[in-house]
Amino acid sequence: MPIEWKDYPGDGSYDELITPGGNARAAARGAVRYIGSLSDEDLRERRDAAELAMQVMGITFTVYSEGEEGGIDRTWPFDIIPRILSAHEWRRIEAGLQQRVQALNMFIADIYGEKKIVRDHVFPREVLAKSVNHRSQCEGIRPPLDIWAHICGSDLVRDKDGTLYVLEDNLRVPSGVSYMLENRLVMKRVFPELFENYSILPVDGYPTRLFDMLASLSPRPADYPTVVVLTPGIYNSAYFEHSYLAQQMGVELVAGSDLVVLDDDCVYLRTVGGLERVDVIYRRIDDLYLDPEAFLPESVIGVRGLMRAWRKGNVAIANAPGAGVADDKVVYAFVPAMIRYYLDDDPILPNVPTYLCMYKPQLEYVLDHLDELVVKPANESGGYGMLVGPSASKKERQKFAELIRKDPRNYVAQPTLSLSTAPTLCDGRVEPRHLDLRPFILSGETSHVTRGGLTRVALKKGSLVVNSSQGGGSKDTWIVETGDK
Amino acid sequence: MLLSSVAERVYWMARYIERAENTARIILVHHNLLLDLPRHVEFGWEALVTITGNRERFHEHHEEATERNVLRFLIADHNNPNCITCSLAMARENLRTTRAIVPRSAWETLNDLHAWTRDNLNNGLSRRGRFAYLRRIIDYCQLLAGKLSGTMSHDQTYDFIRMGRNMERADMTTRVIEVRASNLLPSINEELKPFVDIQWKSVLDSLAGYQMYRRHVHVRIRGREVLRFLLHDERFPRTVHYCLGEVEQCLRGLPGNEAALRVLGRAQRMVREVDVTEILSDGLNSFVDDLQQVHTQLHEQLTATYFQPLDGQHPGLQAVSA
């Protein structure tokens, strides 16, 4: 039976495709009409086709489970109804992200350099002192182009009133871009007719852009540079992506043991023909495991001496070690101030209002309003160690109040956002499910934002958790030219 | 450019696939041989453990070499890293990390085989299901070899697969010669004379060489001829001469091959110069021992030259080899 959009059970959140009155939003009109005209069986067939395509293409992520050797590869749940944004809105988002990442890069360079922002009292010294992602080993280093965060994945969420907020910036080893690319391929197989009548901005130039950006960092610009992707190994949950990107860029995928730093402080690749010099490393290993000589001595996945080589400028590393200093929920609260300070500009994209418990008045406010707020530890990711006030028990809130009082610097609080929804195929019915959006921003000589990004969707009814490890799936994201300016 | 770690992984992948196939084949042949021998002949399963080079390991865990003990040990036993399921698991791990390089359909076949072997283990242990079970493992390993040969560029990476396969084959052939030929029966007495031929036939069968031997060498099976065939024949792909020749061809195209070619040359000379009649009457064991020693040296030289170009770090995944 064709879908009756008038009966689409909106839950009060902003829906990306359907207005509260049951009409399609402008950019989504064609897709909504078309999908709405399909029978249940049609929809099911397309969903099965998408699932099969995913399996055949080997689009997987690794899940750890007890009793299994290592981990197992799973295909990632994919929903065939796309998330659609107008190109008009997207241009503003694109500009906002570029502005934001530019300021973040200037901030990181400043923090490891002169620290003007601290001297000028725009950024408090004590936040820096307690930052777990600040690497003293990076003090005084100036990477090529003064860029530290070459690849950034920023998470965007939309609240009830339609405002799009930046929720966080992932500056360490952001992942998900391979799924963005593969989702588009799957959609083209499943809904070729929609692509004929729509002008959807393409996403497939990403690997080339990534390679060009990485190559531009090479310390030996005269030669054709040797670029490698450095992975922690097959048991990493993002191994598929590491292997995928290396393949798409046509570069080697390497583990720490494939690399060696010699006395000349250059990095070499072990090949059957002997050692070969490496110019650029796209690393997908966390700072602390990167080099046992500079960081955790027990790391077995890193490369001894890598920091030495980097400091000397003999190799470029993306993202630069230490870039994570700006990937911290306390530092996040200062991004709007950074934009004003470094760029003398107003932020185009707003932050979610954030209360810093390190400041007494804000701490008091947070403790008084725990039942309305989401409280997050500064340096956890993946939704760990959080308190969602409205759904927490009184006991949990009390426990959290104690934790916050003990270590106020480590906590921030934000109002509970409702996260927008989009129609999603669930058990043969189309229902709203909550989602977010992670575009990727490349920064080199020029900067580039992916056309859209990875839309992650919480497949469980009412859930706000979009993580793949916790029942999340993904959708293709369309940026559509509509003709309005 | 070929990474040392990738070269090592595909080399081991090929060795493990070959090992699984060879192990399946010798069990199958032994199983048939036992059916042919008179019932009261004490000719047990221990020889199989010896051929696969696992005697000590076996006796650490088992008192007696009963049929069931030996079969379980050779097909699926965590105490034996060379058992069929362990070999397939190791091959799979090595291929898993080189999926971008080796044809996708080879990965799918190996993945399938690995799961099927594990899930149907009981068939392999039972007398009734054994033939079909082992046959299928052998067929799938051949299918894999075919997919690799037929759908992968014959580039440097493929050369390492080819070297792995042929190093393992040469190893198996020398082992079979050693155990089978030097100790054909517990003691050759009058009563068992008629069965000597059967045993030589099983030597050939263990290496899938019976048919080709008959076609190219002799209709009658004679020990000396069989031995000569397995060492010297130039056209059968499991003879020591042939396997070493394959390794040589691969090595010739690789950089920095001098040291490895020197060791290889020593092995080839040993095989070429051996007097089969002489060693058959005396000294087969010491000849095979020497040959195996050179074989091990060759493997070590490949490892040192190509897999660890700088130091002793092991990038590849491997179990303790026999």
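Residues numbered from 1 in each chain as written. Chains lettered and ligands numbered in written order. Predicted model: local features only at pLDDT ≥ 70, side-chain atom pairs only at ≥ 80, totals over all residues. Heavy atoms only, no water.

J.: Would you take a moment to explain the overall build of chain A for this structure?
T.: What chain A contains, in helices and strands, is 15 helices and 22 strands. What you see for chain A is a C-alpha radius of gyration of 23 Å, in line with the 23 Å of a compact globule of 485 residues. Overall, the C-alpha framework of chain A stretches about 70 × 60 × 55 Å when taken along its three principal axes. Burial status across chain A gives 57% buried among its 485 residues. The long-range share in chain A, meaning contacts at least 24 apart out of those at least 6 apart in sequence, stands at 68%. (Helix = DSSP H or I, 4+ residues; strand = E, 2+ residues; numbered from the N terminus. Rg over C-alpha atoms; globule rule 2.2 N^0.38 Å. Buried < 20%, exposed > 50% of the residue type's maximum accessible area, 1.4 Å probe, protein only. Contact = heavy atoms within 4.5 Å.)

J.: Is there a simple way to think about the side chain of Q99 of chain A in this case?
T.: All names here are of chain A. The topology assignment puts Q99 in helix α3 (residues 87-111). Taking the relative accessible area as the measure of exposure, Q99 reaches 6% and is therefore buried. In contact with Q99, not counting residues within four places along its chain, are I339, L343, D345, D346, P347 and I348.

J.: Looking at this model, I keep getting lost on the domain arrangement of chain A. Mind explaining?
T.: How big an interface is tends to be stated in terms of accessible area lost as the parts join. Residue and element names in this part refer to chain A. Structurally, chain A comprises domain 1 (90-182 + 200-343) and domain 2 (355-415). Between the C-alpha centres of domain 1 and domain 2 there is a distance of 29 Å. At the interface, 15 residues of domain 1 touch twelve residues of domain 2. For the pair domain 1 and domain 2, the summed buried area comes to about 1100 Å², and 55% of that belongs to carbon and sulfur atoms. Of all residues in domain 1, K130, K329 and V330 give up the largest surface area on contact with domain 2, accounting jointly for 48% of the area buried on that side. On the surface where domain 1 and domain 2 come into contact, there are one salt bridge. With its nearest N and O atoms 3.2 Å apart, the salt bridge here joins R409 to D328. Summed over the shared surface of domain 1 and domain 2, the number is three residue pairs in polar contact (both at pLDDT 80 or more). Of all the secondary-structure elements, those providing two or more residues to the side of domain 1 that touches domain 2 are α5 (125-129) and α12 (329-332). (Domains from an automatic or database assignment. Buried area = accessible area lost by both parts, 1.4 Å probe. Salt bridge = Lys/Arg side-chain N within 4 Å of Asp/Glu carboxyl O. Polar contact = N/O pair within 3.5 Å; in protein donor to acceptor, adjacent residues only side chain to side chain.)

J.: Got a minute to help me understand the sheet that holds strand β13 (residues 355-356) of chain A in this structure?
T.: In a beta sheet, neighbouring strands pair by backbone hydrogen bonds and run either parallel or antiparallel. All names here are of chain A. Spatial ordering of the open sheet is given by β13-β16-β14-β15, a layout of four strands whose pairing is antiparallel. Two strands in the sheet have a free side with no partner beyond their single neighbour: β13 and β15 (387-388). In this sheet, β15 lies alongside strand β14 (residues 373-377) in antiparallel orientation, the contact comprising two bridges. Across the sheet, the residue bridging to V374 is V388, located in β15. (Pairing = 2+ DSSP bridges.)

J.: Hey, could you run me through the interface of chain B and chain A in this one?
T.: Taken together, the contact pairs 21 residues of chain B with 23 residues of chain A. Here chain B packs against chain A, burying approximately 2000 Å² in sum over the two surfaces, 54% of which is carbon and sulfur. Along the contact surface separating chain B from chain A lie five residue pairs in polar contact (both at pLDDT 80 or more). Among the elements of the structure, α1 (4-36), α5 (84-96) and α9 (156-182) of chain B are those that each provide at least two residues to the side of chain B that touches chain A. With three residues, the top contributor of residues to the side of chain B that touches chain A is α1 of chain B. A per-class count over the side of chain B that touches chain A returns eleven nonpolar, five polar and five charged. (Nonpolar A, V, L, I, M, F, W, Y, C, P; charged D, E, K, R; others polar.)

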